[in-house]
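Architecture and fold: a report
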Amino acid sequence: MRGLLSRVPAALAGTGYNLLLDRITEDGDFLGPEAVRERGSEVIDVFEERTVTVDPPVNTTSNPFSGASGERRFDPAFVCTLPDVRLVGPDAIKLNHEGLVLCEDRPDVMGKERFHTAIYRYVRDQGPTAPLPVVAELGSERFGLGTCERHERAFPMVGFPTSFHHWVVEFLPRIRQLERHESRTGDSPTVLIPSDPPAYITESLSLLGYPDSEYREWAGGRAHVDQYVYPSPLRDGAVPNPAACEWLRDRMTSAVSGRETDSMPDRLFVSREDARMRRIENRPEIEPLLQQRGFEPVRLSHYPVADQVALFAQADCVVGAHGAGLTNILYGTDLDVVEIFPSGDLRGHYHALANVMDHDYYCLTGCSDGNDIRIDPVALESVLDEWCHR
């Protein structure tokens, strides 16, 4: 309770700032990729135009996930250079020389929402007065007073959010954008990553050929960047860019191709037994039927990133409750994916990713049991026997 109460002032202050920002900002204060492309120089197309169709789960007749269905067209992703960009706060909120926000997504999709969340996190981490420079500089060509870093050129691998799923799907493919910029311009910008990064960030960058000598941790303060190397967002709402995901799969699986995988199971039950929520409450009841069909439980928190990549790259079927570990289906080929949800809480991240990677996707809803899920063994058995590997 004490920890919860300690967050109340931050929540109130963050809400206050965002109410204020809603009043003083207009749609034109937020720049999406199209507006940035018009303003940028050294514009380089990176991933080709692609179209992906997001189909309903195989075992349903309609799509239970809002916001991710039908055909999605992805214009070519790009990278470009912008002058005089300011970075502010732990999530490196980006303001251009006019004081306009460079959105991490299209403004009409998630761009504004992510900006407001970054403001809340700024208050939470650094106190109620911390976001004042952002408020003061929105829409202003004047860079605020105060101490700040300076970078001649910088490339962002920092923003909101950088949790495991978003890091893999949205941030890691930016390396391709960085490499295209470097090969075409001959410049090597400073690569900025989150402060005190979790192991999955440093391990995945290492697999892509970027040891710790190749990047710098963002301290979370304020910085002025003379030439900011902007990577366009690599998703459309819940649907990630298919060309970017395929590039990442090929690059990461190539990096682990020498690993021994004969002892790894090809039918995976992502157990989540050490998670705080969405564990399978009646796991002893369903594990025997999974084992009878060749599934082995895997606790992904015990696997380094390289082993997670290798494990999913050689798998043919994955069963698991909704959670970040299912992000690894990105590395598989022609998978059957069975995702389990608590009642009333369906989220389409991995349904969309499975469609992008051309996997067969199945959805099962169990009963909520506190923070956990009780799944009907008969329903699970029916999906495994009737649909998987038909």
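This section reports on the structure supplied with the text. Counting of residues starts from 1 at the beginning of each chain's written sequence and follows it residue by residue. Given that the model is predicted, a residue must reach a pLDDT of at least 70 before its local features are reported, and side-chain atom pairs must reach 80 or more before they are shown or counted; all residues, however, enter totals for whole chains, interfaces and linings. To get the side-chain values, all heavy atoms of the structure are used, and hydrogens and water are removed first.

Take the overall build of the chain next. Secondary structure assignment for the chain yields 13 helices and 20 strands. The contacts in the chain between residues at least 6 apart in sequence include a share of 76% that link residues at least 24 apart. Element-wise, carbon and sulfur atoms account for 46% of the exposed surface of the chain, whose accessible area totals about 16,900 Å². Numbered from the N terminus, helices here are DSSP runs of H or I no shorter than four residues, and strands are runs of E no shorter than two. By definition, residues are in contact when any of their heavy atoms lie within 4.5 Å. Here the Shrake-Rupley method, with its probe set to 1.4 Å, supplies the accessible areas, and only the displayed protein chains count as covering residues.

Each Phe, Tyr or Trp ring (for Trp, its six-membered ring) is paired with any other whose centre lies within 6.5 Å, and the angle between the two planes then decides the class: stacked below 30 degrees, edge-to-face above 60, tilted in between. All told, the structure shown has 6 aromatic pairs when counted by the stated rule. Relative to F341, the ring of F65 lies with its centre 5.7 Å away and its plane at 55°, an arrangement referred to as tilted. Of the two residues, F65 is situated in the loop between β3 (50–54) and β4 (70–74) and F341 in strand β17 (residues 336–341); the sequence distance between them amounts to 276 residues. We classify F341 as buried; its relative accessible area is 0%. Aromatic side chains F65 and Y361 sit 6.1 Å apart centroid to centroid with 65° between the ring planes, which places their arrangement in the edge-to-face category. A residue pair is termed long-range when its members are at least 10 positions apart, and F65 in the loop between β3 and β4 and Y361 in strand β18 (residues 360–365) qualify at 296 residues. Across this residue pair, the class does not change: F65 and Y361 are buried. Taken together, the ring pairs in this structure connect F65, F341 and Y361 into an aromatic cluster. Sitting over the face of the ring of F78, R37 holds its NZ or CZ atom 4.9 Å from the ring centroid. Type-normalised accessible area, obtained with a 1.4 Å probe on protein chains alone, sets the label of each residue: buried when under 20%, exposed when over 50%, and partly exposed for intermediate values. Comment: the charge-over-ring label is applied if NZ (Lys) or CZ (Arg) is within 6 Å of the ring centre and within 35 degrees of the ring normal.

Here we come to the pairing of strand β11 (residues 222–231). Summarising burial for β11: 8 of the 10 residues are buried, a large majority. Sheet topology note: the strand β5 (residues 78–88)/β11 ladder contains 9 bridges and is antiparallel. In the strand pairing of β11, V79 is matched with P231. When DSSP locates at least two bridges between a pair of strands, those strands are taken to pair. Both strand β8 (residues 149–156) and β11 contribute to a ladder of 5 bridges, which runs parallel. What sits directly across from R150, in β11, is H224.

Before going further, it helps to spend a moment on helix α9 (residues 242–255). Its 14 residues give α9 an end-to-end C-alpha distance of 20 Å, which sits within 8% of 20 Å, the value for a rise of 1.5 Å per residue. Of the positions making up α9, those classed as buried are P242, A243, A244, C245, W247, L248, R249 and M252. N or O atoms closer than or at 3.5 Å make up a polar contact, with two conditions inside protein: a donor-capable atom paired with an acceptor-capable one, and, for residues adjacent in sequence, both atoms drawn from side chains. For α9, the N-terminal capping position is held by N241, with its side-chain oxygen 3.0 Å away from the main-chain nitrogen of A243. Any helix carries an expected span of 1.5 Å times its number of residues minus one.

On to the packing of helix α10 (residues 283–292) against helix α13 (residues 377–386). Two quantities define a packed helix pair, namely the angle between the axes and the distance from one axis to the other. Relative to each other, α10 and α13 sit at 20°, their axes nearing to 10 Å. It follows from the interaxial angle that α10 and α13 lie roughly parallel. The element α10 and its partner α13 pack so that their crossing is right-handed. Residues E285, I286, L289 and L290 of α10 touch α13, and the partners they reach there are P377, L380 and L384. Simply put, an axis is a line fit to the C-alpha atoms, just over the touching stretch for a helix, and the angle between two N-to-C directions goes from 0 to 180 degrees. Roughly parallel refers to an angle under 35 degrees, roughly antiparallel to one over 145, roughly perpendicular to one between 65 and 115, and oblique to any angle outside these ranges. Note on convention: the crossing is left-handed when the near helix lies turned anticlockwise from the far helix by less than a right angle, right-handed when the turn is clockwise.

A side-chain nitrogen of Lys or Arg and a carboxyl oxygen of Asp or Glu constitute a salt bridge if their distance falls within 4 Å. A complete count under the given rule lists 21 salt bridges for this structure. Where E246 meets R50, a salt bridge forms, and the shortest distance between an N and an O atom there is 2.8 Å. Residue E246 is found in helix α9, and its partner R50 is found in strand β3; the two are separated by 196 residues along the sequence. Here R153 ties to D187 by a salt bridge, and the two come within 3.1 Å at their closest N and O atoms. Highlighted residues: R153 in strand β8 and D187 in the loop between α7 (174–185) and β9 (190–193), separated in sequence by 34 residues. Residue classification places R153 among the buried positions, given a relative accessible area of 17%. Judged by relative accessible area, D187 falls into the partly exposed class, the value being 22%. A single network of salt bridges, built from pairs that share partners, joins E42, R153 and D187.

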